[in-house]
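Listed below are the residues making up each chain.
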Amino acid sequence: MGELLQYAKRRADSLRGDNVTKTTYDAKPGTHLQLWLLVFAVVFPIAVAVIVSTKQTGVVTSLGDLLPGSYAVENYREALVDYQFGRFMWNSLAMSVVIVVGKLVVSVFAAMAIVYYRVPYKDLVFLFILFTLLLPVPVRFIPLFQLMNDLGWSNTILAITVPYIASATTVFILRQHFLSIPTSIVETAKLDGVGPLRFMLFVLIPMSKGVLVGVSIIMFVYAWNQYLWPLIIIDSEANQVAQVGLQLLQGDVQGGQLSWSLVMAGSTLTLLPPLLLMIVFRKPLLETFSIQQK
Amino acid sequence: MSTREIFDSRIQSGLLLLPTLLVSVVFLYYPTALAVRTSFFDSSFGQGDEFVALENYVTLLTDPGYHSSLLLSILFAAVVVVGVIAVSLYLTFLIHEVDTGQGLYLISVIWPYALPPAVGALVFLFIAHPTLGVLTGPIEAVGVDVNWFNNGPQAFVVVALAAIWKQIGYNVIFMIAAMNNVPNTLTETAELDGVTGLRRLVSVYVPIMTPTLFFLVIINTIYAFFSTFAFVDLLTSGGPSNATNILIFDLYQEGFSFFNFGVASAKSVVLFLLVGVLMFVQFRVTDEYSYYGA
Amino acid sequence: MTTVTLQNLRKEFDDVVAVNGIDLEINHGEFLVIVGPSGCGKSTTLRLLAGLESTTDGRIEMNGQDVTTVEPKDRNVAMVFQNYALYPHMTGRRNITFGMKSSGDFTDEEIDRRVTEAADTLDIADLLDRKPDAMSGGERQRVALGRAIVRDPDAFLMDEPLSNLDAKLRIQMRAELARLHSTLETTTVYVTHDQTEAMTLGERVVVMNDGQIMQVDEPQVLYDFPANRFVAEFIGDPAMNMIPVEIQDGRAVHETFEIPLPSGTDQLKSNQNGVGDVQVIDGQRAILGIRPEDLHLSDAQTDGQLPTINAEVNVREPLGDSLLLHCSIGSTSCNIQAEPRTQVTAGETVSVTYDPARLHLFDAETGEALYHSESRQSTSEQAPSKLST
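Residues numbered from 1 in each chain as written. Chains lettered and ligands numbered in written order. Predicted model: local features only at pLDDT ≥ 70, side-chain atom pairs only at ≥ 80, totals over all residues.

**Student:** Teacher, can you tell me more about the overall build of chain C here?
**Tutor:** What chain C contains, in helices and strands, is 10 helices and 21 strands. Taking all 389 residues of chain C together, 38% fall into the buried category. Residue pairs in contact within chain C that sit at least 24 positions apart in sequence constitute 66% of those at least 6 positions apart. (Helix = DSSP H or I, 4+ residues; strand = E, 2+ residues; numbered from the N terminus. Buried ≥ 20, exposed ≤ 12 C-beta atoms within 10 Å, placed from the backbone. Contact = placed C-beta atoms within 7 Å.)

**Student:** Mind showing me how you'd approach the overall build of chain A here?
**Tutor:** The helix and strand tally for chain A stands at 15 helices and 0 strands. The 294 residues of chain A split such that 46% are buried. Counting only contacts in chain A whose residues sit at least 6 apart along the sequence, the fraction spanning at least 24 positions is 74%.

**Student:** Before we go on, may I ask you to explain the interface of chain C and chain A in this structure?
**Tutor:** Frequently, the measure chosen for interface size is the accessible area that the parts lose on association. Opposite the 15 residues of chain C that make contact, chain A presents 16 residues. Here the side of chain C that touches chain A takes 4 residues from helix α2 (residues 92-103) of chain C, the largest share from any one element. Considering only residue class, the side of chain C that touches chain A consists of 9 nonpolar, 5 polar and 1 charged. (Nonpolar A, V, L, I, M, F, W, Y, C, P; charged D, E, K, R; others polar.)

**Student:** Before we go on, may I ask you to explain unusual backbone geometry in this structure?
**Tutor:** A negative phi holds for most residues other than glycine; trans holds for most peptide bonds. Cis geometry is found at the peptide bond from D237 of chain C to P238 of chain C, where omega equals 0°. Here P238 of chain C shows up in the loop between α8 (229-234) and β11 (241-248). One non-glycine residue, A53 of chain B, lies in positive phi territory at about 55°. Turning to its location among the elements, A53 of chain B is positioned in the loop between β2 (50-51) and α2 (55-62). The backbone of D14 of chain C sits at a positive phi, close to 50°, despite the residue not being glycine. On the secondary structure map, D14 of chain C appears in the loop between β1 (4-13) and β2 (16-26). D14 of chain C sits in the exposed class, given 4 other C-beta atoms within 10 Å.

**Student:** Help me understand the pairing of strand β10 (residues 212-217) of chain C in this model?
**Tutor:** Consecutive side chains of a regular strand alternate in pointing toward one face of the sheet and then the other. Here 5 bridges tie strand β9 (residues 204-209) of chain C to β10 of chain C, and the two strands are oriented antiparallel to one another. Paired with V205 of chain C across the strands is D217 of chain C, a residue of β10 of chain C. (Pairing = 2+ DSSP bridges.)

**Student:** Help me understand the nonpolar core, please; the structure alone is not making it clear to me.
**Tutor:** In summary, soluble globular proteins display a tendency toward joint burial of nonpolar side chains. In this structure, A110 of chain A, A121, L122, V159 and L235 of chain B together with L157 and V207 of chain C are the most contacted members of the largest nonpolar core, which totals 269 residues. A total of 18 residues in this core trace back to one element, the largest contributor, which is helix α7 (residues 152-180) of chain B. Each of domain 1 (4-224) and domain 2 (238-388) of chain C accounts for three or more of the residues forming this core. Excluding its chain neighbours within four sequence positions, the residues that come into contact with L157 of chain C are L46, L49, A50, V77, M79 and V189 of chain C. (Core = buried A, V, L, I, M, F, W, Y, C linked by C-beta atoms within 7 Å. Domains from an automatic or database assignment.)

**Student:** Looking at this model, I keep getting lost on the sheet that holds strand β19 (residues 349-354) of chain C. Mind explaining?
**Tutor:** Hydrogen bonding along the main chain pairs the strands of a sheet, whether they run parallel or antiparallel. Residues and elements named next belong to chain C. Taken together, the 5 strands give an open sheet; going across it, the order is β15-β19-β16-β17-β18, and neighbouring strands pair in antiparallel fashion. Looking at the sheet topology across the chains shown, the edges are occupied by β15 (295-297) and β18 (332-338). Mean inter-strand twist for the sheet, computed between neighbouring axes without regard to direction, equals 50°. Two elements, strand β16 (residues 309-318) and β19, share 4 bridges in a ladder whose sense is antiparallel. Residue I309 lies in a different strand from β19, and its bridge partner there is V352. (Axes fitted to C-alpha atoms, helices over the stretch in contact; angles between N-to-C directions.)

**Student:** Just to check I follow, could you spell out the sheet that holds strand β3 (residues 31-35) of chain C for this structure?
**Tutor:** Residues and elements named next belong to chain C. Here 6 strands make up an open sheet; going across it, the order is β6-β7-β8-β3-β9-β10 and the pairing mixed. The open sheet has two edge strands with one neighbour each: β6 (77-80) and β10. For this sheet the average axis-to-axis angle between neighbouring strands, irrespective of direction, equals 20°.

**Student:** Is there a simple way to think about the domain arrangement of chain C in this case?
**Tutor:** With domains assigned, chain C is organised as domain 1 (4-224) and domain 2 (238-388). Computed from C-alpha coordinates alone, the two centres of domain 1 of chain C and domain 2 of chain C are separated by 38 Å.

**Student:** Teacher, can you tell me more about the interface of chain A and chain B here?
**Tutor:** Taken together, the contact between chain A and chain B spans 89 residues of the former and 79 residues of the latter. For the side of chain A that touches chain B, the leading source of residues is helix α2 (residues 28-52) of chain A, giving 13 residues.

**Student:** Sorry if this is basic, but what is going on with the environment of N164 of chain C here?
**Tutor:** Residues and elements named next belong to chain C. Residue placement: N164 occurs in the loop between β7 (155-159) and α5 (167-184). Each C-alpha atom, one on N164 and one on I60, is 30 Å from the other, the two residues being 104 residues apart in sequence. Not counting chain neighbours up to four residues away, the residues in contact with N164 comprise Q82, N83 and G137.

**Student:** I tried to follow helix α3 (residues 108-122) of chain C on my own but got confused; where do I start?
**Tutor:** Since the α-helix packs 3.6 residues into each turn, any two residues three or four apart lie on the same face. All names here are of chain C. Its 15 residues give α3 an end-to-end C-alpha distance of 21 Å, which sits within 8% of 21 Å, the value for a rise of 1.5 Å per residue. Of the positions making up α3, those classed as buried are V115, A118 and A119. The buried residues of α3 occupy an angular sector of 100° when the element is viewed end-on, so they sit on one face. Seen from the buried face of α3, the exposed residues on the opposite side, beyond 90 degrees, are E109, E110 and D120. Against α2 and α4 (137-150) lie the buried residues of α3. Count one or two residues on from α3 and you reach D123, which has phi positive near 60°. (Expected span 1.5 Å × (residues − 1). Arc of directions from axis to C-beta.)

**Student:** Where do I start with helix α14 (residues 260-280) of chain A in this structure?
**Tutor:** Residues and elements named next belong to chain A. The terminal C-alpha atoms of α14, which comprises 21 residues, lie 30 Å apart, in line with the 30 Å expected from a rise of 1.5 Å per residue. Of all bends in α14, the biggest is about 35°, found at L272, and the proline P273 comes one to four residues later. Counting buried residues in α14 gives 15 out of 21 residues, a clear majority hidden from the surface. (Bend = angle between axes of the 7 residues up to and from the residue.)

Written out as structure tokens, the structure is:
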């Protein structure tokens, strides 16, 4: 009740024009300050990691020690070469690229069938694919481990890529996007007698460039950041991925054989590929996210 | 009336769907079925299986360790979800309020989306390390004894902070889109009525963003339950004395430290049901609130 | 030579009947416009013609051949859509050639020759290397037309092609379409909800409502001799006034007035609309239809012996070239198109008279036309004599 009265009073005031409150703009300097502090908090940990990766020992016990060192080249070389991080990165890259390309191809196919073919039980098939959202890796890694042993795929790139190729998320996003392509364009293709292959290559894919890039970034980040499954299924260092490689480096630190600066160099290296992709392709990425939520 | 279904070859659509369906069946549905089956057996690595009916589930029901792991996971999820949503919402609001530097602020808070959890874990381990950490000194200066290698609650806080930090990026991405979708006229009406600052966020933006926020609550819950494995594994290994032994880590240990595949499978099935319930809630809630988006 | 015949054409979507038994002959080279309110089935009819929808029942013939189940690409028709349907990632040229290249029926030289020709006809040579993003709405629609004409199709099917353009451009493109049709003389079926477009473009106009054809005629005939109340009210803006009356002894009797209905039996017999003799319906209730422009403020000098009607002016709308008066005649509301700059104020009661040659009667229940005060034949006889005077 009191609120209502206040409201009425403010309303009357502003109508009279003598007490029109100037709102957001007053708060701006404070807003920037708060943003600076929060951004600092979000960036600080990774900034420390980058700085330490340039130092000799990685002993940073006070804020005063947070000045860049001169051992950057040395540290990164050592991590990449002596501690096999180059190898891990390469394995991660191979895994991520295979997953991204595989998912894209297979999901474009599936989404095209679901949107552009008049066939029975289509909705059921779509549900069947969507239902796999309920079966993330953590739910099934135990039996998947047994299955990989049976297939003899353990410790190979097959084990860390093929199970990821079917993607309900990607099919869903592509389907949503295909449904947003005007029907008249599709019908024009039909009137012209454009065949399915030509339609896919020359109409569908060019008209989905942004989404395909966005989905690729999402899938790359997802694949690159996988930790649990490679940890379980890859047991030779030669085939290991960067995420688990970090764990191996950390083990050496705990054992006292390695300096933290090398671990931070490895961490920085591992962060770079997804981070760069995300920054470069942020526009299609953000647009694709807005499709996903629908 | 108009239709996108311009092709009708069943063979073609079948071929297009085949890869997705094949991978889904072999690597998603079959392992899940296998997990359900194994959960009724006493199955250990390298040994024959023996049918034990519901014994594994009885074990779970009566195991106080599992109960506390379940409760811990729920507490952990609650802390992470509330933390992530609160921080991200406030950050998004601040970014939404400023005119200059919006793009730069945005990218400097959404980048953790690309952050590999393993990297995040190691960086946190380094900056908050009880003896070496750069933050340890300042924190101890205000009277807190940093001792999370041995102090359960502290370990819980460290893992939760790391998990929150990583998830901010993803949340801000969705929130900024939702907040930008709030019609400008509403913001202006609120200003005219003198609804300023945080009150505008809480009483104008949040209600309109409800569908997005619910979506994020579910996504963050699933994240907290499953995708935080690397943080636990690298920061605390579930310790000290199980203070951070959340379900997913517990399951990993059951399978790959103790090789109790029967019990581990039963735990997988429980996780599966958990995801199912969360997804179901999400669909119901999204349905209910979908009119907001129209 | 392209003639199209629709026989008892029917289309149902689930439980909605979109097209409910249509019979229609489309002549060679004709520009036929289908007009009607949204949901009347006009677009569905066009899409059935294109083959984009399958028929529920009935038959479609093109040049005497049954094409009811023929694939769209084999019907040799070209369609132009309201939203242009240009591929956004292709240049104008590629948009025009993509379909031809897909069909594989044309050599590259032939395609080049035809594109140049079409570009000349439509004056779009400078658009060929641009993408749709860099074109205006009118330019896009021109390229879409180019894509339609290069195929040299047997028929053009156009689905509201001008509706996305602004008013000025729409009028310009309308004239251009008319010119294009007179150059190419290709059979064209054009769907629109805009009656002005229908009247200006159509050689014949089909008025549809609720999935059925209400009337097919030349534009002026539709206007002068609407076959039913629906056509009478749909064609013409502002719409025809509908006044409930009772027929008594050759007169239309309203609560506030009565006017004689001119009744040359010769005229009534020659009426092609099957409209009956006014005597037959004596004593019956009916709807008197008079267009706003056929009502005018009475002037004692010129229309001395005509009966007058009293109308109360409620609202006046100066339209510039005329003055539209919203009036009440008794309990019936009615629009009158008066001379511009007439001194009338709202609330005033005015004396109104009418053009006796422009009266229509419709059945109060079915809406069928019962009577037009002038016969169809006499108009067509009058037309040349008007020219000579």
